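Descriptive analysis of the structure
These are the residues of each chain, in order.
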Amino acid sequence: MSTARSSSRAVAPAPDSHAREVRRLASLLDTSQALTGTIDLKAGLHRVLEILGRHHGAVRSTIAMLDEDTGQLQVEASDGLDRPGYRISYQLGEGITGRVVESGKPIVVPQISREPMFLNRAAKRSELPQQELSFICVPIMLNRKAVGALGVDLKFKADRDFDRTQKFLGVVASMISQGVKVQRLIDGERKRLLDENTHLRQELKERYDFSNLLGTSGPMRQICEQVSQVARTMTTVLIRGESGTGKELIAHALHYNSLRANKPFIKVSCAALPESLIESELFGYEKGAFTGAQGRKKGRFELAEGGTLFLDEIGDVNLATQVKLLRVLQEREYERLGGTETLKTNVRLVTATNKNLEKAITEGTFREDLYYRLNVFSIFVPPLRERKTDLLLLADHFLEGFSRTHSKNIKRISTPAIDMLMSYHWPGNVRELENTLERAVLVCDGHVIHAHHLPPTLQTAEASGTVTRVSLKDAVAAYEKDLISDALKTTRGNRAKAARLLNTTERIINYQVRKYAIDYRRFKN
C-alpha cells in the first residue's frame, strides 16, 4: 500500500507558489468563517468542503465522525458525491478512513488505482473513468484523540507536493476539530438545560400537587375541592384571605394542575411596584415611550403567553391600570405603553388580595365592573387561627423541611411547645408559623423542640396569655415540668422508664407528677 510521502528533499517553488499560498490562507480564513458563522455544525462542514472543491480542486470530499455509541464512523458531510443522500459508514480500521481514525495519523494515496485497501465506498467513480485520482485523508483530533477524518479526492498530478497539501488539510482538520468541540459543548449544555428544565418542571408539579395543600380541616378540604374543580378550566380565579395564609401556593396549584402546566407561570406583586411602573410592567412599552425607555420591553402579559399570570395584591392597583386590565379581560387584547400595535393575549388570570374589595368599591378605589370580571370563581383561604386542627400537620412539615435544610436531626416538638403553638393566635398565619419553626430549628441543640426554643413573641402576655413576670423558682419549675412531661410522652406514660430516661428515681418522678399535677395517663394512648 502506498503511504504518505515524506518530503526529504526540498521542492523547488513553482512560479505561482506565492499565489497558491495566498489562496490557501484565504481558504483558511473562509473555513474559519464557515465554522464560526453558524451554530449548525453540519451546515458549516458542508461549506468547508465546498471551499475545498472551489479553491483547491477537490473532486470529492467527505468528513466522517466517530459515533461514540456504536463505535462506527458515519459520513456527516460530503461534497461532489454521485449519491449525496447515500448513508456511508466505516468500522474502525476499515479502509483508509478507518485506519486514519484508528491510528490518528494521516495517509496519502497518490494513485488510488494502485491501492488495494481503498474501498471506493464513498461514491461511484464512473464519471471519471480515465482520470487517475489521489486521495488524502487526515485525522480530526480532539483532546489528542481522533474523533473523525477529513478525506479529499484530488486529480492526480505527478508533480503535486503531497506533503504541503497534507499539512494544509491538517490545518483545516484542526479547525474542524475546534468546531466539533464547540458543538459538543453546546449540545452538552443544551442537554443539561433540557434535563434541568424537565426536572424542575416535574419538581414544581410535585411540589404544587393537591396533596401538598396540607390540612385536614373542613376549610382546607373545601379549598382542595375548589382547586380541583377549576384548575383545568380557563376561568379567572380570585383568591382571598389574610396575608401569609398561602394564597400564592394555591395559585401555583391551579397552574401546575391545569392544561397550561408546561407554559409559563408569571407572578407579579402589585403592591411592590410603584404606581408609575405597574402599567409598563404588565403591558410592556415601546422605545421612547418615556424617559429612559431605550428599547422595546415585553410586559408580563406577553411573557405569560399561553400560561398563567398571577397578580398578587390586586387591590393595590391604581384606577388607570384597572381600566386596561378590564379591557384585557373583556377583549383579550392590549397595547404596549407608547405603542399603537394591538396585541392578542392567551393568558389565564389568577388574582389574590387581602383587602376588602367590596369596601374599596364603596370608597371608589376599585372599579365595580373589574371586580365582577375578577370574581368569577372565588376561593377564600381562612386564617390559621380558624383552622387550628391543621397547625400540628403544618408544624411537622416545616420541622422536617428545616431539619433537612440546616442538617439537623430534630425528631419532634415537645408537648409544652405544642401547647404554646396551639394557644397562640398567629396574626402572621402560616408564614409566621414557618418562620417560627425555622428559628426553633436553628437554636435547638438537641433532638426535640422545647418551649424555650420558640421566639419571645409566643411567650409574652400579649401573645400567649402567660404572666409578665416570672420568678426564678417558677421558671425552674416550669422547665422541670416540661422535661418530665416530655419524658412521659416519650415513654407513653410509663413513670419508671421516664425516671431512667431522666437519670433519676421513680419515687422522685411520682413526687413531681403529683406536685405539678401532670396527668401521665393521657400519654398512654
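All of the points below concern the structure found in this document. (Residues numbered from 1 in each chain as written. Predicted model: local features only at pLDDT ≥ 70, side-chain atom pairs only at ≥ 80, totals over all residues. Heavy atoms only, no water.)

**Topic: the overall build of the chain**
When helices and strands are tallied, the chain shows 18 helices and 15 strands. Within the span of the chain, comprising 525 residues, buried residues form 44% of the whole. Across the chain, contacts joining residues at least 24 apart in sequence account for 67% of those joining residues at least 6 apart. With an accessible surface of roughly 28,500 Å², the chain has 51% of that area assigned to carbon and sulfur atoms. (Helix = DSSP H or I, 4+ residues; strand = E, 2+ residues; numbered from the N terminus. Buried < 20%, exposed > 50% of the residue type's maximum accessible area, 1.4 Å probe, protein only. Contact = heavy atoms within 4.5 Å. Areas by Shrake-Rupley, 256 points an atom, 1.4 Å probe, with all protein chains shown as cover.)

**Describing a nonpolar patch on the surface**
Together, Tyr479, Leu483, Leu501 and Leu502 give the surface a local cluster of nonpolar side chains, amounting to about 340 Å² of exposed area. Looking at the element boundaries, tyrosine 479 is found in helix 16 (residues 472-490). (Patch = residues over 30% accessible without salt bridge, like charges linked within 9 Å, V, L, I, M, F, W, Y side chains within 5 Å. Salt bridge = Lys/Arg side-chain N within 4 Å of Asp/Glu carboxyl O.)

**Details of helix 14 (residues 429-443)**
The terminal C-alpha atoms of helix 14, which comprises 15 residues, lie 22 Å apart, in line with the 21 Å expected from a rise of 1.5 Å per residue. Taken as a whole, helix 14 has its buried residues at Asn429, Val430, Glu432, Leu433, Thr436, Leu437, Ala440 and Val441. On its buried side, helix 14 packs onto helix 12 (391-405), strand 14 (412-413), helix 13 (415-423) and strand 15 (448-449). (Expected span 1.5 Å × (residues − 1).)

**Some thoughts on helix 12**
Helix length check: helix 12 (15 residues) gives 21 Å between terminal C-alpha atoms against 21 Å at 1.5 Å per residue, within 8%. Buried within helix 12 are the following residues: Leu391, Leu394, Ala395, Phe398, Leu399, Gly401, Phe402 and Ser403. Looking at the packing, one finds that the buried side of helix 12 touches strand 14, helix 13, helix 14 and strand 15. Looking one or two places after helix 12, you find serine 407, whose phi comes out positive at around 55 degrees.

**Some thoughts on the packing of helix 5 (residues 218-230) against helix 6 (residues 247-256)**
Look at helix 5 against helix 6: their axes get within 9 Å of each other, and the N-to-C directions meet at 35 degrees. Between helix 5 and helix 6 the crossing geometry is right-handed. For the pair helix 5 and helix 6, the contacting residues are Ile223, Val227 and Val230 in the first and Ile250, Ala253 and Leu254 in the second. (Axes fitted to C-alpha atoms, helices over the stretch in contact; angles between N-to-C directions. Left-handed = near helix turned anticlockwise from the far one by under 90°.)

**Section: the pairing of strand 6 (residues 145-155)**
With 9 of 11 residues buried, strand 6 lies mostly within the body of the structure. As paired elements, strand 1 (residues 58-66) and strand 6 share 7 bridges and run antiparallel to each other. In the strand pairing of strand 6, serine 61 is matched with valine 152. Taking the residues between adjacent antiparallel strands as the criterion, strand 5 (residues 133-142) and strand 6 are bridged by 2 residues, where asparagine 143 takes a positive phi near 55 degrees. (Pairing = 2+ DSSP bridges.)

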